[in-house]
Amino acid sequence: MPGLLGKKIGMTSVFSAEGKNLPCTVIEVGPCVVTQIKTLEKDGYEAVQLGFQEKKEKHTTQPEMGHFKKAGVAPQRHLAEFKNFETEYKLGDVITVDFLEDAGFVDVVGTSKGKGFQGAIKRHGQHTGPKTHGSKYHRHAGSNGMASDPSKVMKGKKMPGQMGHVQITIQNLEVVKIDAENNVILVKGSVPGPKKSLVTLKAAVKA
């Protein structure tokens, strides 16, 4: 599925034509540069590798420099592959936010904010224990294993652990506005991840 790489700028709100105040996420999309063309004969599948955000050569390894010099582009901070592009691109071609101009809805993939190690109450929304009559059972997860058979904690049991910092896809976000001059797109609603985090925009699957 074709898509583009972008950076989450933050949130704002705009008024629609009907006068409704719409909460929107501002995303800087591209410009993305074509760094590699995967072919069926050489690689076994067809795809286009895109790079986003230039970086200094001193922060680039020698194998990466050879890869970018072969494409004739500056070193890129982020790389990603996309399939099923209708247009044939060449090495060094630049794809801007105009690519999403006809897309009324998009799917946005991002990494959620990390919350660290959290208990079962915050992580899974479990209930607290009684807080009176001498109870010392306030924020415990409760009984974890079985008393008899199979005498172990089953896989998938909701327990304390790392919360957040996982890949999340938000589907069918409406495209409110596209600013081609500043490579910015406004989508209705929220997008996972903190500000300045990397996001991927794709054409909506279910639209």
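Everything discussed here concerns the structure shown above.
Let me sum up the structure you'll find in this document. These figures come from a predicted structure and were not determined experimentally. (Residues numbered from 1 in each chain as written. Predicted model: local features only at pLDDT ≥ 70, side-chain atom pairs only at ≥ 80, totals over all residues. Heavy atoms only, no water.)

A closer look at the overall build of the protein chain
Then step 1. From N to C terminus, the protein chain includes three helices and 12 strands.
Then step 2. C-alpha atoms of the protein chain, sized along the principal axes, occupy 70 × 50 × 35 Å.
Then step 3. Out of the 207 residues in the protein chain, the part that is buried amounts to 35%.
Then step 4. Long-range contacts, defined here as pairs at least 24 residues apart, represent 67% of the contacts in the protein chain between residues at least 6 apart. (Helix = DSSP H or I, 4+ residues; strand = E, 2+ residues; numbered from the N terminus. Buried < 20%, exposed > 50% of the residue type's maximum accessible area, 1.4 Å probe, protein only. Contact = heavy atoms within 4.5 Å.)

As for the sheet that holds strand 10 (residues 167-179)
Then step 1. As summarised here, the arrangement of the six strands in space is 1-2-11-10-7-12, forming a closed barrel in which the pairing is antiparallel. Geometrically, the sheet is characterised by an average inter-axis angle of 50 degrees between neighbouring strands, direction not taken into account.
Then step 2. As judged from the nine bridges shared by strand 1 (residues 3-15) and strand 2 (residues 21-29), these two strands associate in the antiparallel manner. Within the sheet, the bridge partner assigned to Gly-10 lies in strand 2 and is Val-26. (Pairing = 2+ DSSP bridges. Axes fitted to C-alpha atoms, helices over the stretch in contact; angles between N-to-C directions.)

Quick notes on helix 2 (residues 62-71)
Then step 1. Those residues of helix 2 lying buried are Met-65, Phe-68 and Ala-71. Axial view of helix 2: buried residues confined to an arc of 125 degrees, hence all on one face. Across helix 2 from its buried face, at more than 90 degrees, point the exposed residues Gln-62, Pro-63, Lys-69 and Lys-70.
Then step 2. Packed against the buried residues of helix 2 are strand 3 (32-38) and strand 5 (76-82).
Then step 3. Positive phi shows up at Gly-72, right after helix 2, with a value of about 75 degrees. (Arc of directions from axis to C-beta.)

Section: the packing of aromatic side chains
Then step 1. Enumeration over the complete set of coordinates arrives at two aromatic pairs.
Then step 2. Ring geometry for Phe-85 and Tyr-89: centres 5.5 Å apart, planes at 90 degrees, overall edge-to-face.
Then step 3. For the ring pair Phe-85 and Phe-99, a centre distance of 5.5 Å and an interplane angle of 55 degrees mean the geometry is tilted. Residue Phe-85 is found in the loop between strand 5 and strand 6 (94-95), and its partner Phe-99 is found in the loop between strand 6 and strand 7 (105-111); the two are separated by 14 residues along the sequence.
Then step 4. Phe-99 sits in the partly exposed class, given a relative accessible area of 33%.
Then step 5. A network of ring pairs unites the aromatic residues Phe-85, Tyr-89 and Phe-99 as a single cluster. (Phe/Tyr/Trp six-rings, centres within 6.5 Å; stacked < 30°, edge-to-face > 60°.)

Considering the layout of surface pockets
Then step 1. Of the voids in this model, the largest pocket is the one considered here, and its volume is about 290 Å³.
Then step 2. Along the walls of the largest pocket sit 16 residues, with Ile-37, Glu-46, Val-48, Phe-85 and Glu-88 positioned nearest its centre.
Then step 3. Broken down by secondary-structure element, the contributors of at least two residues to the lining of the largest pocket are strand 3, helix 1 (40-43) and strand 4 (47-54).
Then step 4. Of the residues contributing to the lining of the largest pocket, the split by class is seven nonpolar, three polar and six charged.
Then step 5. Here the second largest pocket defines a volume of roughly 250 Å³.
Then step 6. Considering the residues around the second largest pocket, the lining is formed by 16 residues, among which Leu-5, Ala-80, Phe-82, Val-109 and Thr-200 are closest to the centre. (1 Å grid on protein atoms, 1.4 Å probe; cavity = no way out; pocket = protein on both sides within 12 Å on 5 of 7 lines; lining within 4 Å. Points joined across faces, edges and corners; volume = space filled by probe spheres on them. Nonpolar A, V, L, I, M, F, W, Y, C, P; charged D, E, K, R; others polar.)

Observations regarding the pairing of strand 1
Then step 1. In this structure, strand 1 lies alongside strand 12 (residues 198-203), joined through five bridges in antiparallel fashion. Bridge pairing links Leu-5 to Thr-200 in strand 12.
Then step 2. Count of turn residues in the strand 1/strand 2 antiparallel hairpin: five residues, of which Gly-19 carries a positive phi of about 90 degrees.

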